[in-house]
Amino acid sequence: MRTYATFREIQHDLQRGALTCQDLVRHHLSNIEKKSHLNAFLSVFPEEALERASLIDQKIKNGTAGKLAGLVVGIKDVLAYTGHPLQASSKILNGFISQFNATAVQRLLDADAIIIGRQNCDEFAMGSSNESSAFGPVLNDADNTRVPGGSSGGSAVAVQADLCQISLGSDTGGSVRQPAAFCGLVGLKPTYSRISRYGLIAYGSSFDCIGIFAKCVEDVAVVLEVIAGADDEDSTVSRLPVPQYAEELSRTLSKSYKVAYVREIDDAEGLQPEIRDAIQRKLDHIKNAGHSVDVIDFPLQEYVLPTYYILATAEASSNLSRYDGVRYGYRSPQTTDLQSLYKKSRSEGFGKEVQKRILLGTFVLSASYYDAYYTKAQKVRRLIREKTKDILKQYDFIVMPITPTTAFKIGTHTDNPLEMYLADLFSVQANVAGVPAIAVPCGEDKLGLPIGLQVIADDFQESKLLHFSDALTKMN
Amino acid sequence: MKIDRTLLDKIAHLSRLEFDEKDAEKMMKDMTAIVDWVEKLKEVNTDGVEPLTTMSHEINMLREDEVKPHLDHEAALLNAPKKDDVYFRVPKVLE
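Calculation notes
Residues numbered from 1 in each chain as written. Chains lettered and ligands numbered in written order. Predicted model: local features only at pLDDT ≥ 70, side-chain atom pairs only at ≥ 80, totals over all residues. Heavy atoms only, no water. Helix = DSSP H or I, 4+ residues; strand = E, 2+ residues; numbered from the N terminus. Rg over C-alpha atoms; globule rule 2.2 N^0.38 Å. Buried < 20%, exposed > 50% of the residue type's maximum accessible area, 1.4 Å probe, protein only. Pairing = 2+ DSSP bridges. Right-handed = clockwise from strand over helix to strand, strands pointing away. Contact = heavy atoms within 4.5 Å. 1 Å grid on protein atoms, 1.4 Å probe; cavity = no way out; pocket = protein on both sides within 12 Å on 5 of 7 lines; lining within 4 Å. Points joined across faces, edges and corners; volume = space filled by probe spheres on them. Nonpolar A, V, L, I, M, F, W, Y, C, P; charged D, E, K, R; others polar.

Undergrad: What exactly am I supposed to notice about the overall build of chain A here?
TA: For chain A, the count of helices and strands is 17 helices and 11 strands. Here chain A has a C-alpha radius of gyration of 21 Å; the compact-globule value for 476 residues is 23 Å, and the two agree. Projected onto its principal axes, the C-alpha positions of chain A cover 65 × 55 × 45 Å. In chain A, buried positions account for 66% of the 476 residues.

Okay, structure coming up:
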């Protein structure tokens, strides 16, 4: 069976009877088998996926199939799927079985998508290389000696290697866009609160967004319109109506979008020259297509990443306090009393990166340091959000790289946490500001490794964002 | 700011974590580097700026207080590392 570039082609072939959902599932299962060395999946659900495929094939024949009939999906190991294991790639959730569906998962199922498996990621979605998983690193399918990015590394590689058509990941500081860039994919982080977080394992609750990996913008649009929107189970989710994103892609593109490019990013030390050049070439295409590009200043650029690390670790330390070895997951066999039960279960169950972030978060929230670190970062966050929104009042989009480098070798940054954190240098701004951002492929470096371009838009401007990025992928 | 062993132990206790000698060394080194790095924020003038405390656009989302089915007893206990018929079990708390 051939590899499909878009879900639209799949649906077309399903409708005319040239393809069945069972063919699709078998195709992906066979790829998963062939590519098992990539370590992208932690669990695969073959019988169940095939059974569901046969059911949906029948629905297609009867004309009663849902909007996503034939879409084979992988989910990052942070999304709850009833009756299936869920453990955020952490030993501390060994043996945990979801007792309910995440809202996003429920909506996929309701629309007749088929879930094929649970995907490897950095432990508790903390990382930029997928090397902190308790189940070992995920390999980039473009070069098996390199990382796929993180934290949603398995979800990215699964789409890259055609192990599924799309993946759901999560993006707290770039965890969808950065691996999408390293694997040559489209990756969307929507506006904060656009998609319900119910059933998503929490890391930094004021940053966490469910995101979508796909081979094309169109597939992202069709999935987003299904999973976004109001939900009784999440009091923070936006109640704004959800546009028909896929349909809006076919509208005529505005002839003259205003695009901003940030000087401080172009000047950034450590930005790989080929990435700078690829973005410059794309900016030329944008201008040639009749849009305007202005270079603007964003002097807060260097403060975005430290702000993120203070606030995200603070939230993580609070969110991860629930893993105590009492109600679910791992309990140390070495315990003598309640105190040692907590300490030993957590120290043996969490990996070192997760422990580091819990400690940092606890430190910035502790009474003596709260104002100097936590409150200060919340103030800088307001400034970053306001400045970003100011730019987006004057411009339709901000365009920038997603990553300072292309995919790096496994083991490059594992000894130096700050080096690893810098991999998120350009992606965190959208999370700190809460605005939507997307990764789209933008050529390759001289080793043939994918380069990603990032487009940022204002709150709830996903229609415009998808529309423009779709056009970008077609500008050459 | 240097994260020394006393401070590490204090934070570790608050976090209900513990470290042996070797891990503590590495943790102190990494944390000191990270804390020094985030102190960069001190350069930003935030006089008169209110902390941003919520990112949601929804304010006071309320719903009717209706009784609905919740996770049943059996399902809630299913993932417990140690349980009896009705409770989670932990080591003895009171002598």
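Structure's up, so let's keep going.
Undergrad: I'm lost on the pairing of strand 2 (residues 72-76) of chain A in this one. Help?
TA: Put simply, side chains in a regular strand alternate between the two faces of the sheet. Residues and elements named next belong to chain A. The buried count for strand 2 comes to five of five residues, which makes it a mostly enclosed element. Every second residue of strand 2 is oriented toward a common face, with V72, G74 and K76 on one face and V73 and I75 on the other, all of them buried. By the bridge criterion, five bridges tie strand 2 to strand 3 (residues 114-119) in an arrangement that is parallel. Within the sheet, the bridge partner assigned to I75 lies in strand 3 and is R118. Considered for its hand, the β-α-β crossover made up of strand 2, helix 4 (residues 103-110) and strand 3 is right-handed.

Undergrad: Honestly, the side chain of E353(A) in this entry has me stumped. Any pointers?
TA: With respect to the secondary-structure elements, E353(A) resides in helix 13 (residues 352-365). The contact partners of E353(A), leaving out residues within four places of it in the chain, are M126(A), S132(A) and Y421(A).

Undergrad: Just to check I follow, could you spell out the environment of K464(A) for this structure?
TA: Within the element layout of this structure, K464(A) appears in helix 17 (residues 462-474). In this structure, K464(A) is in contact with Y257(A), D396(A) and F397(A), ignoring residues within four places of it in sequence.

Undergrad: In this structure, what is going on with empty space enclosed by the protein? I would like to understand it.
TA: Rolled over the atoms, a probe as big as a water molecule pinpoints where empty space is left. Throughout the structure, instances matching the rule amount to four cavities of 30 Å³ or more. Taken together, 13 residues line the largest cavity, and the ones lying closest to its centre are G127(A), G173(A), S175(A), Y308(A) and D424(A). By residue class, the composition of the lining of the largest cavity is four nonpolar, seven polar and two charged. Its volume calculated, the second largest cavity comes out at about 40 Å³. Every residue along the wall of the second largest cavity is listed here: Y309(A), I310(A), T313(A), L360(A), V364(A), I34(B) and V38(B). Mapped onto the lining of the second largest cavity, the elements with two or more residues apiece are helix 11 (301-319) and helix 13 of chain A together with helix 2 (21-38) of chain B.

Undergrad: I tried to follow helix 4 of chain A on my own but got confused; where do I start?
TA: An α-helix turns once every 3.6 residues. As a result, residues three or four positions apart point the same way. Residues and elements named next belong to chain A. Counting buried residues in helix 4 gives six out of eight residues, a clear majority hidden from the surface. Looking only at helix 4, the buried set comprises T103, A104, V105, R107, L108 and L109. Buried residues along helix 4 sit in contact with helix 3 (46-62), strand 2, strand 3, strand 4 (166-171), strand 6 (209-214) and helix 7 (217-227). Backbone geometry just downstream of helix 4 places D112 in the positive-phi region, at approximately 75°.

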